[in-house]
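If you want the building blocks of each chain, they are given just below.
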Amino acid sequence: MKTLTTILIGLIAVAFTSCNLNGSSNTTPEILFVSSPFVNKTDSLNSYLTDDGVYRLDTINVGDTVTFRILLYGFTNNLSSYNINQSDTSSTKLILPALNSLDSVFVSSTSNYSLGKFIFKNKISSLYFPFKYVAKKASNDAKISFYLSSDANFENTNSMGNNSVSFILKTPIKLAK
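In this report, the structure presented in the accompanying data block is examined.

How each quantity is defined
Residues numbered from 1 in each chain as written. Predicted model: local features only at pLDDT ≥ 70, side-chain atom pairs only at ≥ 80, totals over all residues. Heavy atoms only, no water. Helix = DSSP H or I, 4+ residues; strand = E, 2+ residues; numbered from the N terminus. Contact = heavy atoms within 4.5 Å. Areas by Shrake-Rupley, 256 points an atom, 1.4 Å probe, with all protein chains shown as cover. Core = buried A, V, L, I, M, F, W, Y, C linked by side-chain atoms within 4.5 Å. Buried < 20%, exposed > 50% of the residue type's maximum accessible area, 1.4 Å probe, protein only. Pairing = 2+ DSSP bridges. Axes fitted to C-alpha atoms, helices over the stretch in contact; angles between N-to-C directions. Phe/Tyr/Trp six-rings, centres within 6.5 Å; stacked < 30°, edge-to-face > 60°.

1. Considering the overall build of the protein chain
Okay, so step 1: Each helix and strand in the protein chain was counted, giving two helices and 14 strands.
Okay, so step 2: Long-range contacts, defined as pairs at least 24 residues apart, comprise 74% of the intrachain contacts of the protein chain with a sequence gap of at least 6.
Okay, so step 3: Carbon together with sulfur atoms contributes 54% to the accessible area of the protein chain, which is approximately 10700 Å² in total.

2. Regarding the nonpolar core
Okay, so step 1: Core analysis: the biggest nonpolar cluster contains 32 residues, and L72, Y82, F120, F129 and F146 have the highest contact counts within it.
Okay, so step 2: Listing elements by their share of this core, those giving two or more residues are β7 (65-73), β8 (79-86), α2 (99-105), β11 (126-135), β12 (143-150) and β13 (164-170).
Okay, so step 3: Among the elements that make up this core, the one with the highest residue count is β11 (five residues).
Okay, so step 4: Excluding residues that lie within four positions of it along the chain, Y82 makes contacts with I70, L72, G116, K117, F118, F120, F129, F131, F146, Y147 and L148.

3. With respect to the pairing of β12
Remember that side chains alternate between the two faces of the sheet whenever the strand is regular.
Okay, so step 1: Across seven bridges, the pairing between β8 and β12 is antiparallel. Residue Y82 lies in a different strand from β12, and its bridge partner there is L148.
Okay, so step 2: With seven bridges connecting them, β12 and β13 associate as antiparallel partners. Paired with S145 across the two strands is I168, which belongs to β13.

4. Details of the pairing of β11
Okay, so step 1: Here β7 pairs with β11 via nine bridges, running antiparallel. Residue pairing across strands places R69 opposite P130, the latter belonging to β11.
Okay, so step 2: Summarising the sheet, strand β9 (residues 92-95) and β11 pair through four bridges and their orientation is antiparallel. Each bridged residue has a counterpart across the sheet, and for K93 the counterpart in β11 is V134.

5. Quick notes on the sheet that holds strand β4 (residues 47-49)
Okay, so step 1: The strand order across the open sheet built from six strands is β4-β5-β13-β12-β8-β10, with neighbouring strands paired in mixed fashion. This sheet does not close on itself; its edge strands, each paired only once, are β4 and β10 (117-119). Geometrically, the sheet is characterised by an average inter-axis angle of 20° between neighbouring strands, direction not taken into account.

6. Quick word on the packing of aromatic side chains
Okay, so step 1: In total, this model carries 17 aromatic pairs according to the counting rule given.
Okay, so step 2: Plain terms: the ring middles of F129 and F131 are 6.2 Å apart, the flat faces sit at 50° to each other, and that makes the pair tilted. Here F129 and F131 have matching classes, each one buried.
Okay, so step 3: The interplanar angle of 50° and the centroid separation of 6.2 Å between the aromatic rings of F131 and F146 together place this pair among those described as tilted.

7. Considering unusual backbone geometry
Okay, so step 1: In the Ramachandran plot, F75 falls in the positive-phi region, its phi being about 60° despite a non-glycine side chain.
Okay, so step 2: Position of F75 among the secondary structure elements: in the loop between β7 and β8.
Okay, so step 3: Of note in the backbone geometry, K123 takes a positive phi value of approximately 65° without being a glycine.
Okay, so step 4: Examined against the element boundaries, K123 turns out to sit in the loop between β10 and β11.
Okay, so step 5: According to the relative accessible area criterion, K123 is exposed, its value standing at 70%.

8. Some remarks on the environment of Y113
Okay, so step 1: Of note, Y113 is situated in the loop between α2 and β10.
Okay, so step 2: C-alpha separation for the pair Y113 and D103, spaced 10 residues apart in sequence, amounts to 9.9 Å.
Okay, so step 3: Other than its neighbours up to four places away in sequence, Y113 contacts L96, L99, L102, D103, F106, S108 and F118.

Structure follows, in C-alpha coordinates:
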(Lines give C-alpha, C1' and ligand atoms only; values in the text may rest on other atoms or scores of the structure.)
Protein backbone atom coordinates (compact mmCIF):
# COMPACT_ATOMS: atom_id res chain seq x y z
CA MET A 1 0.00 0.00 0.00
CA LYS A 2 2.90 2.32 0.83
CA THR A 3 4.42 1.69 -2.61
CA LEU A 4 1.13 2.49 -4.37
CA THR A 5 0.77 5.76 -2.43
CA THR A 6 4.36 6.76 -3.22
CA ILE A 7 3.86 6.05 -6.93
CA LEU A 8 0.57 7.99 -6.96
CA ILE A 9 2.14 11.02 -5.25
CA GLY A 10 5.09 10.83 -7.67
CA LEU A 11 2.76 10.84 -10.70
CA ILE A 12 0.80 13.79 -9.32
CA ALA A 13 4.04 15.69 -8.69
CA VAL A 14 5.22 15.04 -12.26
CA ALA A 15 1.85 16.16 -13.66
CA PHE A 16 1.91 19.45 -11.75
CA THR A 17 5.55 20.29 -12.49
CA SER A 18 5.23 19.59 -16.21
CA CYS A 19 2.33 22.02 -16.69
CA ASN A 20 2.76 25.60 -17.81
CA LEU A 21 0.68 27.41 -15.20
CA ASN A 22 1.19 30.96 -16.45
CA GLY A 23 -1.63 30.59 -19.00
CA SER A 24 0.37 31.55 -22.07
CA SER A 25 -0.38 29.86 -25.35
CA ASN A 26 2.27 31.15 -27.70
CA THR A 27 2.43 29.53 -31.10
CA THR A 28 4.28 30.46 -34.27
CA PRO A 29 1.73 31.73 -36.86
CA GLU A 30 1.25 29.91 -40.15
CA ILE A 31 0.52 30.82 -43.76
CA LEU A 32 -1.42 27.94 -45.32
CA PHE A 33 -2.62 27.39 -48.87
CA VAL A 34 -6.29 26.39 -48.58
CA SER A 35 -6.03 24.85 -52.03
CA SER A 36 -3.25 24.67 -54.59
CA PRO A 37 -2.84 27.88 -56.56
CA PHE A 38 -4.57 27.58 -59.93
CA VAL A 39 -4.44 29.33 -63.29
CA ASN A 40 -7.49 30.73 -65.07
CA LYS A 41 -9.93 28.48 -63.11
CA THR A 42 -8.69 25.31 -64.81
CA ASP A 43 -5.12 24.23 -64.12
CA SER A 44 -3.73 23.74 -60.61
CA LEU A 45 -0.08 24.58 -60.04
CA ASN A 46 2.37 22.60 -57.98
CA SER A 47 5.12 24.10 -55.88
CA TYR A 48 8.23 22.63 -54.33
CA LEU A 49 11.05 23.76 -52.07
CA THR A 50 14.36 24.44 -53.83
CA ASP A 51 17.84 23.91 -52.37
CA ASP A 52 18.18 27.62 -51.55
CA GLY A 53 15.03 27.61 -49.37
CA VAL A 54 12.73 29.29 -51.90
CA TYR A 55 9.46 27.69 -52.99
CA ARG A 56 9.14 27.42 -56.77
CA LEU A 57 5.76 27.46 -58.47
CA ASP A 58 5.18 25.76 -61.83
CA THR A 59 5.90 27.97 -64.84
CA ILE A 60 3.06 30.25 -65.94
CA ASN A 61 2.47 32.12 -69.21
CA VAL A 62 2.18 35.83 -69.86
CA GLY A 63 -1.49 36.74 -69.48
CA ASP A 64 -2.21 33.99 -66.93
CA THR A 65 -4.03 34.86 -63.72
CA VAL A 66 -3.06 32.71 -60.74
CA THR A 67 -5.58 32.54 -57.90
CA PHE A 68 -4.20 32.08 -54.39
CA ARG A 69 -6.43 31.07 -51.47
CA ILE A 70 -4.45 31.58 -48.30
CA LEU A 71 -5.29 31.09 -44.63
CA LEU A 72 -3.38 33.28 -42.20
CA TYR A 73 -3.49 31.49 -38.87
CA GLY A 74 -2.29 32.70 -35.49
CA PHE A 75 -3.72 29.81 -33.44
CA THR A 76 -4.54 31.33 -30.03
CA ASN A 77 -2.54 34.50 -30.74
CA ASN A 78 -3.77 37.60 -32.54
CA LEU A 79 -2.32 38.46 -35.93
CA SER A 80 -0.58 41.84 -36.08
CA SER A 81 0.77 42.39 -39.61
CA TYR A 82 0.87 40.76 -43.03
CA ASN A 83 3.00 41.69 -46.02
CA ILE A 84 3.00 40.56 -49.65
CA ASN A 85 5.87 41.95 -51.72
CA GLN A 86 6.52 41.47 -55.41
CA SER A 87 10.13 41.46 -56.60
CA ASP A 88 9.22 42.79 -60.04
CA THR A 89 6.10 44.92 -60.42
CA SER A 90 6.72 45.36 -64.16
CA SER A 91 6.33 41.59 -64.74
CA THR A 92 3.48 40.90 -62.33
CA LYS A 93 0.46 42.51 -60.74
CA LEU A 94 -1.51 41.65 -57.59
CA ILE A 95 -5.28 41.86 -57.53
CA LEU A 96 -6.42 42.15 -53.92
CA PRO A 97 -9.90 41.67 -52.40
CA ALA A 98 -12.36 44.58 -52.51
CA LEU A 99 -11.36 47.71 -50.58
CA ASN A 100 -14.33 47.54 -48.20
CA SER A 101 -13.39 43.95 -47.32
CA LEU A 102 -9.80 44.99 -46.61
CA ASP A 103 -10.92 47.97 -44.50
CA SER A 104 -13.12 45.70 -42.37
CA VAL A 105 -10.09 43.65 -41.27
CA PHE A 106 -7.09 45.97 -41.55
CA VAL A 107 -6.35 49.44 -40.14
CA SER A 108 -6.54 51.58 -43.27
CA SER A 109 -4.59 54.51 -41.78
CA THR A 110 -1.44 52.44 -41.13
CA SER A 111 -1.78 49.85 -43.90
CA ASN A 112 -0.65 50.48 -47.47
CA TYR A 113 -2.53 48.03 -49.68
CA SER A 114 -0.78 49.03 -52.91
CA LEU A 115 2.61 48.21 -51.34
CA GLY A 116 1.31 44.96 -49.82
CA LYS A 117 1.44 46.16 -46.20
CA PHE A 118 -1.52 45.12 -44.04
CA ILE A 119 -1.89 45.95 -40.32
CA PHE A 120 -4.59 43.95 -38.54
CA LYS A 121 -7.30 45.39 -36.34
CA ASN A 122 -7.44 43.94 -32.82
CA LYS A 123 -8.48 40.40 -31.89
CA ILE A 124 -8.12 38.65 -35.26
CA SER A 125 -6.53 35.22 -34.93
CA SER A 126 -7.21 33.83 -38.40
CA LEU A 127 -8.09 35.20 -41.81
CA TYR A 128 -8.92 33.75 -45.21
CA PHE A 129 -7.06 35.96 -47.72
CA PRO A 130 -7.66 35.26 -51.42
CA PHE A 131 -5.84 37.26 -54.08
CA LYS A 132 -4.89 37.02 -57.75
CA TYR A 133 -1.49 37.27 -59.36
CA VAL A 134 -1.34 38.36 -63.02
CA ALA A 135 1.67 37.64 -65.25
CA LYS A 136 2.29 40.74 -67.41
CA LYS A 137 5.62 39.91 -69.09
CA ALA A 138 8.21 37.10 -69.24
CA SER A 139 10.59 36.79 -66.31
CA ASN A 140 12.72 34.11 -64.69
CA ASP A 141 13.10 36.02 -61.44
CA ALA A 142 9.55 37.03 -60.45
CA LYS A 143 9.02 36.33 -56.74
CA ILE A 144 6.37 36.97 -54.13
CA SER A 145 7.50 37.34 -50.51
CA PHE A 146 5.03 36.56 -47.73
CA TYR A 147 5.45 37.71 -44.12
CA LEU A 148 3.02 37.23 -41.20
CA SER A 149 3.49 38.26 -37.57
CA SER A 150 1.43 37.78 -34.42
CA ASP A 151 1.45 38.95 -30.80
CA ALA A 152 2.99 35.69 -29.57
CA ASN A 153 5.67 36.27 -26.93
CA PHE A 154 8.41 33.67 -26.55
CA GLU A 155 10.76 35.77 -24.38
CA ASN A 156 9.69 34.41 -20.98
CA THR A 157 8.97 30.83 -21.96
CA ASN A 158 11.17 27.82 -22.44
CA SER A 159 9.41 26.91 -25.68
CA MET A 160 10.89 27.21 -29.14
CA GLY A 161 9.11 29.38 -31.65
CA ASN A 162 8.83 32.74 -33.29
CA ASN A 163 6.12 35.37 -33.54
CA SER A 164 6.52 35.61 -37.32
CA VAL A 165 6.78 33.42 -40.38
CA SER A 166 7.91 34.20 -43.92
CA PHE A 167 8.68 32.51 -47.19
CA ILE A 168 9.41 33.35 -50.82
CA LEU A 169 7.54 31.91 -53.81
CA LYS A 170 9.33 32.11 -57.17
CA THR A 171 7.08 32.16 -60.24
CA PRO A 172 8.87 31.78 -63.59
CA ILE A 173 6.89 33.41 -66.42
CA LYS A 174 7.30 32.60 -70.11
CA LEU A 175 5.71 33.86 -73.31
CA ALA A 176 2.65 31.90 -74.43
CA LYS A 177 3.14 29.86 -77.60
